[in-house]
Amino acid sequence: MQTHPLTENPWSVDTNPEYGLVPLSNLYNIDRARYAIASIARLVGNSASEPDATGSQPLDAWTVAALMGGVEGLRDHMGAMTDAMLESARACAQDAGRADPTHDAPASMQ
């Protein structure tokens, strides 16, 4: 059976090691972006149902477009953080063969 990008498991990658060290700051930034996206989705969703729910006017098209642009910016930010974490994990894997570390951290993080 042929595979298709939309039916593959996006979390398993054969060419990369399963575990690696990444800076926690990147994880915190991704978590903050996740909450920001959830907040923007709530704003846009509430606006879409506003006339029926309370009789108020929904957000204007410019505001919705600006909010969705913010989601795209957050998506780019999350992609940059993911790339940084993957690069860090790959560097740690390359450091595994090096000897004489000054402490327990990988040489690429020292």
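Structure: see above.
The structure reproduced in this document is the subject of the present report. (Residues numbered from 1 in each chain as written. Predicted model: local features only at pLDDT ≥ 70, side-chain atom pairs only at ≥ 80, totals over all residues. Heavy atoms only, no water.)

## Digging into the overall build of the chain
For the chain, the count of helices and strands is two helices and zero strands. Considering only contacts within the chain whose residues lie at least 6 apart along the sequence, 63% involve residues at least 24 apart. If you sum the accessible surface of the chain, you get close to 8,800 Å²; carbon and sulfur atoms cover 58% of it. (Helix = DSSP H or I, 4+ residues; strand = E, 2+ residues; numbered from the N terminus. Contact = heavy atoms within 4.5 Å. Areas by Shrake-Rupley, 256 points an atom, 1.4 Å probe, with all protein chains shown as cover.)

## Considerations on a nonpolar patch on the surface
Together, Leu24, Leu27 and Tyr28 make up an exposed nonpolar region whose accessible area comes to about 330 Å². Tracing the sequence through the fold places Leu24 in helix H1 (residues 24-53). The exposure class assigned to Leu24 is exposed, which follows from its relative accessible area of 52%. (Patch = residues over 30% accessible without salt bridge, like charges linked within 9 Å, V, L, I, M, F, W, Y side chains within 5 Å. Salt bridge = Lys/Arg side-chain N within 4 Å of Asp/Glu carboxyl O. Buried < 20%, exposed > 50% of the residue type's maximum accessible area, 1.4 Å probe, protein only.)

## Some remarks on the packing of aromatic side chains
Remark: the centre distance and the inter-plane angle together describe each pair of aromatic rings, the angle taken between the planes. Scanning the entire structure with this criterion turns up zero aromatic pairs. Across from the ring centre of Tyr35, 4.3 Å away, lies the NZ or CZ of Arg34, which sits over that ring. (Phe/Tyr/Trp six-rings, centres within 6.5 Å; stacked < 30°, edge-to-face > 60°. Lys NZ or Arg CZ within 6 Å of the ring centre and 35° of its normal.)

Any link to function would need more than the numbers given here.
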